[in-house]
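Next come the chains, spelled out residue by residue.
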Amino acid sequence: MLSKQQTSQQLENIETAARVQAKTLIRILNVTDELVGEQVYASMHLLKERGLQLGMPAISGTTRVGGRIVPRLMLGDLPQSNRFQLVDGVTDILGGTATLFVKDGNDFVRIITNVRQKNGERAVGTLLDPKGKAIAALRDGRSFHGEVDILGAPYITRYEPMRDLHGQVIGAWYVGYKVDMKVLREAVENTRYLEAGFAAVMDDRQKIRFLSSHMSPAVADHLLRQPSDDWMIVREDIPNWGFSVMIGYPMSEARAIGLTKSLFAILSGTVLTILLIAVILWQMRRLILNPIGSDPALAIEVVQRIAAGNLELDDLQAPKGTLMANVLRMRSKLGEMLDTLRQNAERMGLSASVFEHTRDGIFIADTATRIIEINPAFSLITGYGREEALGRTPAELGFASAEPHFFAHIWQSPDAVGEWRGESWSRRKTGDSYPAWLELFIVKKEDGLANYVGVFSDITLAKAQQQNLEHMAYHDALTQLPNRTLLDDRLHQAVARANRSGEILAVCYFDLDGFKPINDNFGHDAGDQLLVELAQRVRNCLRESDTVARLGGDEFALLLCNLQSIEECEQTLTRLVVAIKAPFQLVEKTVQISASIGYTLFPMDDSEPDTLLRHADHAMYQAKVSGGSRFHLFDTEHNRQTRDRRQERARIETALPNGEFRLFYQPKVNMRHGRVVGAEALIRWEHPETGLRSPAEFLPLVEDTDFVIPLGEWVIRETLRQISAWRKSGLELQVSVNIAPRHMMQKNFAARLAELLQEYPDVSPALLELEITETAAIEDIAGVAQMINSCKLLGVTFALDDFGVGYSSLTYMRRLPVEVIKIDQSFVRDMLHDADDLAVVAGVISLSREFQRQVVAEGVETADHGLNLLRMGCTIAQGYGIARPMPADVIPAWVESYMPDASWDEGSL
């Protein structure tokens, strides 16, 4: 019975694994469809927009195209036959292919296209496949999106009917992207299911497109069309493509595997029977002279039931020490042993199933690091079959291929660490390199020998997603121009280059005059369209060495490098002003805008890079108040404003010795557990004349000066004093303190922090958390990481504040040894009505979880904020919706009376 059960379970497992393998191949096509689909929609939008700018489609007479007489398609006053500027202009920007069709009877003829025939010529005059999937939709006046074969190659396409002024279909718009099927083809060709099984991909015409390399196409076609009783065919369909993925394997081979794996159950039953007979004979011999203790017939019946394997308990009893009593006790023990054996068999079967079906590759090596066992995922990832892998070392199979002595150092050298986990580059059987997450460890046996175990996974897709995220972090999503982060990096490089070469660098700042009415009158889509076209115009006015960046909204910055004179800069700016004033065509409406440009010149303005940009911003304001549509050079008025700031800065510095600064504390709570977990110390200036002032009113004036060092030490000392006072009253809270970049990068920062902690020996360093901003990290990430590690030796913890604003990078999250990531309140506050902000918050929470960092959300203002954060996995929060910053003496009473919002409880989630 156990053997039959094990065999049946194994057959089910094999079929389930086949379906999993088929769905893995399907995901390759689905990922391709998702990646290319958005590009197709964007390309169609651009093709129709540019086409309709030329005029309304119409038919006027006939013309000859590719040796065929067809109706003449007009866009406005322009005939389109053999005019390729429209389609080439679209594909130059977004890639792919584009085509205009004219309807000729029931056929659709290509009149302009950049689809190439095998001889390299454009496919003008050719027909859209009359039997294809797209033409039926076009004839019915409907759009079509999906995969089609064009001239023998697969494309992900979109066709939309082209209508004239009367709504009649007179042609079609088309865009498409050729699909690289190499990954799917290699994955299918390398698939071998069991020993004789195979994988195949059939297209929408039921023809085999791809097939396992070891299988004959003729045999596979016969099995798929007329499967025999001995073959199991597992099929998974791909609706979007019309394709089907087939996994076939012989049932005889599957049953043989199931029978082999049930051998343990058979052996267990045999051992149990032998043990049972031996125990019965021994007990009968030992007790043969003693009273049976029960009716002989009943005793014989019980013994016969035991011999037959029936160990079910009943209410029989016998005097202690009699044969019957011993038989009953033996029956009970045998039942327990059988249960234990059955449980062990189930656990071993479960372990084997996990080993067989996990998606991570696993290999086990002997004491000489030669592989003795692998799982199926190993072969799927590396391409090496079991017979090829056994007896070879991981290094011989391409693991850690960039480090020849990697495994010897980890496992066999005198100073071997034994365990290791991290990223490495490995090589498949085909020779292709791939990034892998690799974990190595040693399993000790009772005899002192060891097995070496490796677990790995292919992280190619994860690395690609990381690169995509990094691109998104440095470029504006709408215009694809560099954003503020990338601009800052290029600005520092340009200043350094200008210092070396002695050339002039122009730093420019401009925004658009009259842009808001366009959004108000035509909608944000029209405004976005204008910004995209504006970005292209600005690029056309600049040289390759120059940079244009979008800072947000309608604000942009320019870096004009390698200038030989001021006149050269003014010529460029004049050209730019004229280009921006040229009319824009939006939604059948022509609009005009202008730009106000401010600029400053380095090294004449010998300021820091960030200061240069602020100078250009001030000059832009002067250009705007002067009437706009002009450019303005930074002048001495800014110097007067600088003197005013210096005077204000001096007044701020006197506030410290005068004792005018105060610390307020804003609680941080665990929304899921409903308890206060800490607070953030926030500085306030109690000005004797103007009253209590927020940090935004005075900290920006001193954050780049040395005054932040004594001010920061005062904040840390005052925080430690308050933590000590709270502890003496029975309240223990972790308090976070913001540290200015200039303060933290002092060489003696860790030493001074140790001295401050020694002043309050009753305060555990773990109760102090230091918050740093990404601004500090970007200046010297290696130095910041070293300083953090030095301070963590003292016991304090670190948080990365304002994550997501200005300098966000996966590099900082990966390289900075901080325990906490704080999501900037600007994203949290607007996430309920801004899908982009919601996506950023969800992304940061997901990244924090993947990098094993705690995440804290700032700016929680309502119960809905908290509920949405909990659903996304963020439990720690602070904000006005929880509590405003408050004096220290109010904190204990607030903590004692704190009640979480009822909508945050487990039931509501």
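One structure accompanies this document, and this report is about it. (Residues numbered from 1 in each chain as written. Predicted model: local features only at pLDDT ≥ 70, side-chain atom pairs only at ≥ 80, totals over all residues. Heavy atoms only, no water.)

**Regarding the overall build of the protein chain**
Part 1 of the reasoning: Across its full length, the protein chain holds 30 helices and 34 strands.
Part 2 of the reasoning: Evaluated residue by residue, the protein chain yields a buried proportion of 45% over its 909 residues.
Part 3 of the reasoning: Contacts spanning at least 24 positions in sequence make up 60% of the contacts within the protein chain whose residues lie at least 6 apart.
Part 4 of the reasoning: Here the protein chain has roughly 45,700 Å² of accessible surface; of this, 52% comes from carbon and sulfur atoms. (Helix = DSSP H or I, 4+ residues; strand = E, 2+ residues; numbered from the N terminus. Buried < 20%, exposed > 50% of the residue type's maximum accessible area, 1.4 Å probe, protein only. Contact = heavy atoms within 4.5 Å. Areas by Shrake-Rupley, 256 points an atom, 1.4 Å probe, with all protein chains shown as cover.)

**Thoughts on the nonpolar core**
Part 1 of the reasoning: Ranked by internal contacts, the top residues of the largest apolar core, which has 77 residues, are Phe 661, Tyr 665, Leu 753, Leu 768 and Leu 869.
Part 2 of the reasoning: Of the residues forming this core, the biggest block, eight residues, is contributed by helix α21 (residues 708–728).
Part 3 of the reasoning: Excluding its chain neighbours within four sequence positions, the residues that come into contact with Leu 768 are Ile 716, Thr 719, Leu 720, Gln 734, Val 735, Val 737, Leu 753, Leu 757, Val 796 and Thr 797.
Part 4 of the reasoning: Formed by 34 residues, the second largest nonpolar core is a distinct cluster that contains Ala 506, Leu 530, Leu 531 and Cys 541. (Core = buried A, V, L, I, M, F, W, Y, C linked by side-chain atoms within 4.5 Å.)

**Regarding the side chain of Ser 244**
Part 1 of the reasoning: Within the secondary structure, Ser 244 is located in strand β12 (residues 243–250).
Part 2 of the reasoning: Since its relative accessible area comes to 2%, Ser 244 is described here as buried.
Part 3 of the reasoning: Within polar-contact distance, the side chain of Ser 244 engages the side chain of Arg 235 at 2.9 Å.
Part 4 of the reasoning: Leaving out residues up to four positions away in the same chain, Ser 244 has contacts with Ala 200, Val 201, Met 202, Arg 235, Glu 236 and Asp 237. (Polar contact = N/O pair within 3.5 Å; in protein donor to acceptor, adjacent residues only side chain to side chain.)

**Points about a nonpolar patch on the surface**
Part 1 of the reasoning: On the surface, Leu 52, Met 56 and Leu 165 cluster together to form a nonpolar patch covering roughly 320 Å² of accessible area.
Part 2 of the reasoning: Note on placement: Met 56 falls in the loop between α1 (2–54) and β1 (57–65).
Part 3 of the reasoning: Taking relative accessible area as the criterion, Met 56 reaches 43% and is therefore assigned partly exposed. (Patch = residues over 30% accessible without salt bridge, like charges linked within 9 Å, V, L, I, M, F, W, Y side chains within 5 Å. Salt bridge = Lys/Arg side-chain N within 4 Å of Asp/Glu carboxyl O.)

**Some thoughts on the environment of Arg 27**
Part 1 of the reasoning: You can see Arg 27 is positioned in helix α1.
Part 2 of the reasoning: Take Arg 27: its relative accessible area is 36%, and that puts it in the partly exposed class.
Part 3 of the reasoning: A sequence separation of 211 residues divides Arg 27 from Ile 238, and the C-alpha atoms of the two residues are 9.5 Å apart.

**Structural notes on the packing of helix α14 (residues 484–501) against helix α18 (residues 609–625)**
Describing two packed helices takes the angle between their axes plus the distance from one axis to the other.
Part 1 of the reasoning: Following both chains from N to C, one finds α14 and α18 inclined at 110 degrees, their axes separated by 9 Å at the closest point. Taken together, the axis directions place α14 and α18 in an arrangement best described as roughly perpendicular. The element α14 and its partner α18 pack so that their crossing is right-handed. Packed against α14, whose contacting residues are Arg 484, Leu 487, Asp 488, Leu 491, His 492 and Val 495, the element α18 presents Pro 609, Asp 610, Leu 612 and Leu 613 at the interface.
Part 2 of the reasoning: Grouping the constituent residues of the contact of α14 with α18 by class yields six nonpolar, one polar and three charged. (Axes fitted to C-alpha atoms, helices over the stretch in contact; angles between N-to-C directions. Parallel < 35°, antiparallel > 145°, perpendicular 65-115°, else oblique. Left-handed = near helix turned anticlockwise from the far one by under 90°. Nonpolar A, V, L, I, M, F, W, Y, C, P; charged D, E, K, R; others polar.)

**So, the pattern of salt bridges**
Part 1 of the reasoning: Tallying each qualifying case throughout the model produces 33 salt bridges.
Part 2 of the reasoning: Here Lys 516 and Asp 520 are joined by a salt bridge, their closest N and O atoms 2.9 Å apart. Pair noted here: Lys 516 and Asp 520 are both in helix α15 (residues 515–522), with a separation of four residues, about one helical turn. As far as burial versus exposure is concerned, Lys 516 and Asp 520 are alike and both exposed.
Part 3 of the reasoning: Here Glu 533 makes a salt bridge to Arg 537, at a shortest N to O gap of 3.4 Å. In this pair, Glu 533 and Arg 537 both sit in helix α16 (residues 524–541), four residues apart, roughly one turn of the helix.
Part 4 of the reasoning: By relative accessible area, Glu 533 is classed as partly exposed at 28%.
Part 5 of the reasoning: Overall, Arg 537 belongs to the buried group, its relative accessible area being 15%.
Part 6 of the reasoning: Bridged by salt links that share partners, the residues Glu 680, Glu 771, Lys 822 and Glu 858 form one connected network.

**Quick notes on the sheet that holds strand β19 (residues 547–552)**
Part 1 of the reasoning: Across the sheet, five strands lie side by side as β19-β20-β18-β23-β24; this open sheet has mixed pairing. The sheet is open, and its two borders are formed by β19 and β24 (630–633), each paired with just one other strand. On average, each strand axis in the sheet is inclined to that of its neighbour by 20 degrees, with strand direction left out of account.
Part 2 of the reasoning: Examined bridge by bridge, strand β18 (residues 504–513) and strand β20 (residues 555–563) share seven bridges and lie antiparallel to one another. Of the residues in β20, the one forming a bridge with Cys 508 is Leu 558. (Pairing = 2+ DSSP bridges.)

**Topic: the pairing of strand β30 (residues 797–803)**
For a regular strand, side chains alternate in direction, first toward one face of the sheet and then toward the other.
Part 1 of the reasoning: For β30, the buried fraction is high: six of the seven residues fall into the buried class.
Part 2 of the reasoning: Where strand β29 (residues 768–773) lies against β30, five bridges are found, and the strand directions are parallel. Across the sheet, residue Thr 773 finds its bridge partner in β30, namely Asp 801.
Part 3 of the reasoning: As defined by bridge partners, β30 adjoins strand β31 (residues 820–823) across three bridges and the pair is classed as parallel. What sits directly across from Ala 799, in β31, is Val 820.

**Regarding unusual backbone geometry**
Part 1 of the reasoning: In this chain, Phe 602 is followed by Pro 603 through a cis amide linkage whose omega measures 20 degrees.
Part 2 of the reasoning: Backbone geometry places Asn 82, a non-glycine residue, at a positive phi of 60 degrees.
Part 3 of the reasoning: Here Asn 82 lies in the loop between β3 (78–79) and α2 (85–94).
Part 4 of the reasoning: Positive phi, close to 55 degrees, is recorded for Ser 629, a residue that is not glycine.

**With respect to the sheet that holds β3**
The strands making up a sheet are joined through hydrogen bonds of the backbone, oriented either antiparallel or parallel.
Part 1 of the reasoning: Spatially, β1-β2-β3 is the arrangement adopted by the three strands of the open sheet, whose pairing is antiparallel. In this open sheet, the two edge strands, each paired with only one partner strand, are β1 and β3.
Part 2 of the reasoning: The sheet contact formed by strand β2 (residues 68–75) and β3 spans two bridges and is antiparallel. Within β3, the residue paired with Leu 75 across the bridge is Leu 78.

**Focus: the packing of aromatic side chains**
Part 1 of the reasoning: Summed over all chains, the structure comprises 21 aromatic pairs.
Part 2 of the reasoning: Between Tyr 159 and Tyr 174, the ring centres sit 5.0 Å apart and the planes meet at 45 degrees, which makes this aromatic pair tilted. Of this pair, Tyr 159 sits in strand β7 (residues 153–163) while Tyr 174 sits in strand β8 (residues 169–178), placing them 15 residues apart in sequence. Per residue, the accessibility class of Tyr 159 equals that of Tyr 174, and both read buried.
Part 3 of the reasoning: Between the aromatic rings of Tyr 599 and Phe 631, the centroid separation amounts to 6.0 Å while the plane-to-plane angle is 65 degrees, which identifies the pairing as edge-to-face. Taken together, the residues span a long stretch of sequence, with Tyr 599 in strand β23 (residues 594–602) and Phe 631 in strand β24 at a distance of 32 residues.
Part 4 of the reasoning: Exposure remark for Phe 631: the relative accessible area of 26% places this residue in the partly exposed category.
Part 5 of the reasoning: Following the ring pairs from residue to residue traces out a cluster consisting of Phe 101, Phe 144, Tyr 159 and Tyr 174.
Part 6 of the reasoning: Seen from the ring of Tyr 434, Arg 428 lies directly overhead, with NZ or CZ sitting 4.2 Å from the centre.
Part 7 of the reasoning: Stacked on the ring of Tyr 880, the Lys or Arg Arg 884 has its end atom at 4.0 Å from the ring centre. (Phe/Tyr/Trp six-rings, centres within 6.5 Å; stacked < 30°, edge-to-face > 60°. Lys NZ or Arg CZ within 6 Å of the ring centre and 35° of its normal.)

**Quick look at the packing of α21 against helix α23 (residues 749–758)**
Part 1 of the reasoning: Look at α21 against α23: their axes get within 10 Å of each other, and the N-to-C directions meet at 30 degrees. With respect to α23, the element α21 is oriented roughly parallel. The element α21 and its partner α23 pack so that their crossing is right-handed. The segment α21 lies against α23, with Glu 713, Ile 716, Arg 717 and Leu 720 engaging Arg 752, Leu 753, Leu 756 and Leu 757.
Part 2 of the reasoning: Considering only residue class, the contact of α21 with α23 consists of five nonpolar, no polar and three charged.

**Considering the environment of Ile 709**
Part 1 of the reasoning: You can see Ile 709 is positioned in helix α21.
Part 2 of the reasoning: For Ile 709, a relative accessible area of 18% puts it in the buried group.
Part 3 of the reasoning: Here the alpha-carbon distance between Ile 709 and Met 744, two residues 35 residues apart in the chain, equals 8.4 Å.
Part 4 of the reasoning: Sequence-distant contacts of Ile 709, defined by excluding residues within four places in its chain, comprise His 743 and Gln 746.

**Digging into the state of the cysteines**
Part 1 of the reasoning: Tallied over the entire structure, the rule returns zero disulfides.
Part 2 of the reasoning: Between Cys 508, a cysteine without a disulfide, and Cys 569, which holds the nearest cysteine sulfur, the sulfur-to-sulfur distance is 5.2 Å. (Disulfide = S-S within 2.5 Å.)

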